[in-house]
Amino acid sequence: MTSENVERLLIQFQDENGEVLGSPFDVPLDITPDKLQLVCNALLQKEEPVPLAFFVRGEAEVVSSLGSCIQTLGVETEQVLPVVYQPQAVFRVRAVTRCTSTLQGHTEAVISTAFSPTGKYLASGSGDTTVRFWDLTTETPHHTARGHAHWVLSIAWSPDGKKLASGCKNSQICLWDPVTGTQIGKTLTGHTKWITWLCWEPLHLNPECRYLASSSKDGSVRIWDTVLGRYEKILTGHTQSVTCVKWGGDGLLYTSSQDRTVKVWRPKDGVLCRTLQGHAHWVNTLALSTDYVLRTGAFEPATATINPQDLTGSLEEIKEAALQRYNKVRGSAPERLVSGSDDFTLFLWNPAEGKKPLARMTGHSALVNEVLFSPDTRLLASASFDKSIKIWDGRTGKYLMSLRGHVGSVYQVAWSADSRLLVSGSSDSTLKVWDIKTGKLNMDLPGHADEVYAVDWSPDGQRVASGGKDKCLRIWRR
Amino acid sequence: DHHERKRKKESREAHERSHKARKMIGLKAKLYHKQRHAEKIQMKKTIKMHEQRKTKQKDDDKTPEGAVPAYLLDREGQSRAKVLSNMIKQKRKEKAGKWEVPLPKVRAQGETEVLKVIRTGKRQKKAWKRMVTKVCFVGEGFTRKPPKYERFIRPMGLRFKKAHVTHPELKATFCLPILGVKKNPSSPLYTTLGVITKGTVIEVNVSELGLVTQGGKVIWGKYAQVTNNPENDGCINAVLLV
């Protein structure tokens, strides 16, 4: 086909929120995404070219050429076609391929594992009542924190990476210093049944990282003042166990419970703002669209180095940096909340605005154990006991694809910092790394001897840590 | 000699003490018995303490095994081998037409119990009419047959529209409208009449619960089995069959 006979088409670049960029362009049908990228970058006038992905009318992605995409869609070529461009992460995280070390030391199953916000420290909680800190450069044990009397069910790093909070089955919460491995302050007691989830106040709201929210089986949520060592507020209202608590960046607290509701609170005065109803069985998990940026605080994954460093700067600088990152990820739309439940469905909510869900996502054939937004908030992954992971659109809740491959219930998932890869741990003792762009399995990581209970990807993208019933913590690298 | 006598006196002390306790009467006896009672309590306590020192106790401080993460805590996991055999068993039962219900066997109720003979006629000799003595469900838009021809009378006082249905996993009870009687285990005649006794499988309207199928369609009818005797209690309690 000569260049004169190729059809031409009018397209208009739009960004995700609908704002147009420049004026309509006349392009040939066989234009490829690379050329589109050049044009768009020129229009954006940034110093460095940003990698972009293009979606025709916001739905179908342009993969090989504009022509093939239009053919599959069946769009008429007379009108101006809106093409949405989405900036992808500048840095690229490489898939983990090998297990570099098996860290033994725990004498019972490893129940929870988490990297610190900068990726410098790794902590794991286990059924032998200890929390262990691991040195990542040598991949050996660093400290063992003893202080709990029962299984350590949940751990949470403060967003500045200086403190780790851990909750146990005896309803106690302890704070630890990762550098020395000793306890900070005194043990926080008050709950009557075991702690199900811990969540710190976001960095941009309070750079001192003082307040911590904990949810428990006794149906209450307590907000603790870690400096004074006592609880600040108790939020009661749920009639059954509270399964998850998330502290949003807009000053609202979200809790999900086994009484089939999700409640929205204002942590400043402890007032219940809204109750979101709709689920038909226990609500197991919550995910906020800004989860990842709240977790990493002021640390920008794009600036990561081989040796992770601590956060530097005064409290003001850190707060500014965190606030900037938060605003960039959040954009102009308010935070979105997704809840996954035992009734095999997920609900997408806009909790700050109204009680009605934005979308109900059905399709799983067994209970949904974990939901996670991707770090760029565009995608949503749901892990379920029916051995599959489903990917949904983060904005509308539309179903995108299913990732099948596990032969046992999928327990936990973790996104890589650039939102291109997903790692999942399951009861069949394997981890699998999935490539989201193709929807296919990237790497299969066998090695654990028994069920994998906890998975985490470090924010600098270098390592994946997984722990399970076989009492070992495994670190995987490229 | 002194030691011998001392030893013997001490051994006689127990007998003398008991002789005194038996023979004493009056106020003196009351005071003595009170004192002795307190002494005996103390003795028993010390003996028990000594015994405890000897026996070994289970260490309560040891943490139990089988640590699971928080999301698995409230769930009783079915072992993997069981899941496969359960699937096969369910397939076989489906083929045979047998269904798993919470109350598999119920007492069959005879006609004399459920239906009462109503005598009619000038001399009250005709006995072809029957009145239902148990709770029943008649659908909406039910109209009686002309009284001259109706054989089975279902009194309005015994007609119910709602049932208290318990969800077995959530352990919550909802008051849901009945859609119909699916099967009465005693007799197919009772099923057609709509008689509800213990063990009857009824269909209830569950749109209130918000259950959804995989495809996204809302489930609005489910089966439940009655667990009480409604004619004795005045209400229908049922358990949802999930």
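Residues numbered from 1 in each chain as written. Chains lettered and ligands numbered in written order. Predicted model: local features only at pLDDT ≥ 70, side-chain atom pairs only at ≥ 80, totals over all residues. Heavy atoms only, no water.

## Structural notes on the overall build of chain B
Helix and strand content of chain B: six helices and eight strands. Across chain B, helices and strands are ordered from the amino to the carboxyl terminus as α-α-α-α-β-β-β-β-β-α-β-β-α-β. Taking all 242 residues of chain B together, the buried fraction comes to 25%. Expressed as a percentage of contacts within chain B between residues at least 6 apart in sequence, the contacts between residues at least 24 apart total 44%. Surface accessibility of chain B: about 18,700 Å² in total, with carbon and sulfur atoms responsible for 54%. (Helix = DSSP H or I, 4+ residues; strand = E, 2+ residues; numbered from the N terminus. Buried < 20%, exposed > 50% of the residue type's maximum accessible area, 1.4 Å probe, protein only. Contact = heavy atoms within 4.5 Å. Areas by Shrake-Rupley, 256 points an atom, 1.4 Å probe, with all protein chains shown as cover.)

## Remarks on the sheet that holds strand β13 (residues 173–176) of chain A
Each strand in a sheet pairs with its neighbour through backbone hydrogen bonds, running either in the same direction (parallel) or in the opposite one (antiparallel). Residues and elements named next belong to chain A. Across the sheet, which stays open at both edges, the four strands sit in the order β11-β12-β13-β14 with antiparallel pairing between neighbours. Looking at which strands have only one partner, the edges of the open sheet turn out to be β11 (152–157) and β14 (183–188). Neighbour to neighbour, the strand axes of the sheet diverge by 15° on average, direction disregarded. (Pairing = 2+ DSSP bridges. Axes fitted to C-alpha atoms, helices over the stretch in contact; angles between N-to-C directions.)

## Concerning the UniProt feature "repeat: WD" (unreviewed entry) in chain A
Residues and elements named next belong to chain A. As recorded in UniProt, the sites labelled "repeat: WD" (unreviewed entry) are residues 103–144, 145–186, 188–225, 235–265, 361–402, 403–444 and 445–478. As annotated, residues 188–225 comprises 0% helix and 50% strand, and the C-alpha atoms at either end are separated by 9 Å. Segment residues 403–444 splits into 0% helix and 57% strand. End C-alpha atoms: 13 Å apart. (UniProt positions renumbered as here; feature names shortened; annotations may be inferred.)

## Quick word on the packing of aromatic side chains
A full pass over the atoms with the stated rule returns eight aromatic pairs over all chains. Look at Phe347 of chain A and Trp349 of chain A: their rings are 5.1 Å apart centre to centre, the planes differ by 35°, and that puts the pair in the tilted class. Residue classification places Trp349 of chain A among the buried residues on the basis of a relative accessible area of 0%. An aromatic cluster of three or more residues is present, and its members are Phe385, Tyr411 and Tyr453 of chain A together with Tyr71 of chain B. Above the plane of the ring of Trp151 of chain A lies Lys169 of chain A, whose end atom (NZ or CZ) is 5.4 Å from the centre. The ring of Tyr231 of chain A carries Arg222 of chain A above its face, with NZ or CZ at 4.9 Å from the centroid. (Phe/Tyr/Trp six-rings, centres within 6.5 Å; stacked < 30°, edge-to-face > 60°. Lys NZ or Arg CZ within 6 Å of the ring centre and 35° of its normal.)

## Some points on the interface of chain A and chain B
Listed as interface residues are 37 residues of chain A and, on the opposing side, 26 residues of chain B. Both faces considered, chain A and chain B share a buried interface measuring about 2,500 Å² in area, 56% of it formed by carbon and sulfur atoms. Of the charged contacts, one joins Lys217 of chain A and Asp74 of chain B as a salt bridge, the two residues approaching to 3.8 Å between their closest N and O atoms. Taken together, the connections running from chain A to chain B amount to five residue pairs in polar contact (both at pLDDT 80 or more). Residues that form the side of chain A that touches chain B fall into these classes: twelve nonpolar, 17 polar and eight charged. (Buried area = accessible area lost by both parts, 1.4 Å probe. Salt bridge = Lys/Arg side-chain N within 4 Å of Asp/Glu carboxyl O. Polar contact = N/O pair within 3.5 Å; in protein donor to acceptor, adjacent residues only side chain to side chain. Nonpolar A, V, L, I, M, F, W, Y, C, P; charged D, E, K, R; others polar.)

## Brief notes about the domain arrangement of chain A
Residues and elements named next belong to chain A. We note that the domain assignment places domain 1 (8–87) and domain 2 (98–477) within chain A. Here the C-alpha centre of domain 2 lies 36 Å away from the C-alpha centre of domain 1. Across the contact, five residues belong to domain 1 and four residues belong to domain 2. Both faces considered, domain 1 and domain 2 share a buried interface measuring about 440 Å² in area, 25% of it formed by carbon and sulfur atoms. Looking only at domain 1, the three residues that lose the most surface to domain 2 are Glu16, Asn17 and Gln86, adding up to 59% of its buried area. Remark: the boundary between domain 1 and domain 2 carries zero salt bridges. Taken together, the links from domain 1 to domain 2 amount to zero residue pairs in polar contact (both at pLDDT 80 or more). A class-by-class count of the residues in the side of domain 1 that touches domain 2 yields one nonpolar, two polar and two charged. (Domains from an automatic or database assignment.)

## Here we look at unusual backbone geometry
Residues and elements named next belong to chain A. A positive phi angle, near 70°, is found at Thr129, a position not held by glycine. Its place among the elements puts Thr129 in the loop between β8 (121–126) and β9 (130–135). A positive phi is found at Ser429, a non-glycine position, where the angle reads about 70°.

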